[in-house]
Amino acid sequence: MTAEFVRLEVADGVGTIRLDRAKAMNAISIQVQDELSLAAAEATDRGDVRAVVVWGGEKVFAAGNDVKEMAAMSYTDMVDRVEKLQHAVNAVARIPKPVVAAVNGYALGGGCELALAADVRIAADNAVLGQPEVLLGIIPGAGGTQRLPRLVGPSRAKDLLYTGRFVKAEEALAIGLVDRVVPAGDVYAEAVAWAARFATAAPYALRAIKESVDRGLETDLETGLQIERHSFAAIFATEDSRSGMRSFIENGPGKATFEGR
């Protein structure tokens, strides 16, 4: 079935998960959630996708979850739905490849949570981010209360979550909510350029790095080091590790060609 609002576009090893519900400012409806999960699964499975850009277009990243849709839902409706809501964002976070969010315009509520699921965030100089759910009398439900404090620290996260205030690009950069701020017209190109660096990298090494960092952040240092030990030893089973080290010995650093196996 062809997706209506979310699609995966692939070029030169970079996959772009493109949100395209412009008339609703890319509001993340139930349909968008389901299509986002499918796009993330496709990006995960495709061997010609080595890195991923998440982008909502030149005007807006995603203005939030679809409030009109949520307002019509009961407690039991949401009990049945919330796992799929989280799954859509988690599916992006768990893509075992480098993922960058290219943030133009608003990234609020569910849109901010989607940006938080990326490994890196590149924002336009006019971007606005935030978790304003409290202003609706609700709380974030797609990872905002968990990923935001892990990124900016608990006190800053609580300030943003308690107040629901909007954060402009300059402050977002200062507190670590985004990693780079560029002119609005350059956001997507900058994100693609970041992702393209990994098109010829060793994919299983990148996967092991991402898994070690993400899983390590969820636990104590000693357990994290154990995760790293297992990943470090396991990567020696790949052909890329052998060819990479052989290239280093024979030709110096940065000249290896990896085959992805």
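See the structure shown above.
The shown structure was predicted, so the numbers you read here are calculated from the model rather than taken from an experiment. (Residues numbered from 1 in each chain as written. Predicted model: local features only at pLDDT ≥ 70, side-chain atom pairs only at ≥ 80, totals over all residues. Heavy atoms only, no water.)

1. Topic: the environment of Ala193
For Ala193, the position within the fold is in helix H8 (residues 187-196). Each C-alpha atom of the pair Ala193 and Val53 lies 9.9 Å from the other, and the pair is 140 residues apart in sequence. (Helix = DSSP H or I, 4+ residues; strand = E, 2+ residues; numbered from the N terminus.)

2. Thoughts on the packing of helix H1 (residues 30-45) against helix H3 (residues 75-93)
Packing of H1 against H3 leaves a shortest axis separation of 8 Å and a crossing angle of 40°. Classified by the angle between their axes, H1 and H3 sit oblique to one another. For the crossing formed where H1 meets H3, the hand is left-handed. Between H1, through Ile30, Gln33, Asp34, Leu36, Ser37 and Ala40, and H3, the contact on the second element is made entirely by Arg81, Lys84, Leu85, His87, Ala88, Ala91 and Val92. Among the residues making up the contact of H1 with H3, the classes are represented as seven nonpolar, three polar and three charged. (Axes fitted to C-alpha atoms, helices over the stretch in contact; angles between N-to-C directions. Parallel < 35°, antiparallel > 145°, perpendicular 65-115°, else oblique. Left-handed = near helix turned anticlockwise from the far one by under 90°. Contact = heavy atoms within 4.5 Å. Nonpolar A, V, L, I, M, F, W, Y, C, P; charged D, E, K, R; others polar.)

3. Some details on the packing of aromatic side chains
Counted under the stated rule, the structure contains four aromatic pairs. With centroids separated by 6.4 Å and ring planes inclined at 65°, the aromatic side chains of Tyr106 and Phe166 adopt a geometry described as edge-to-face. Here the residue Tyr106 occupies a position in strand E5 (residues 106-108), and Phe166 occupies one in the loop between helix H6 (154-163) and strand E8 (167-168), the gap between them amounting to 60 residues. The exposure class of Phe166 is partly exposed, given its relative accessible area of 44%. When the centroid spacing of 4.9 Å and the interplanar angle of 70° are considered together, the rings of Trp194 and Phe198 count as edge-to-face. (Phe/Tyr/Trp six-rings, centres within 6.5 Å; stacked < 30°, edge-to-face > 60°. Buried < 20%, exposed > 50% of the residue type's maximum accessible area, 1.4 Å probe, protein only.)

Geometric descriptors of this kind do not, in isolation, establish any biological role.
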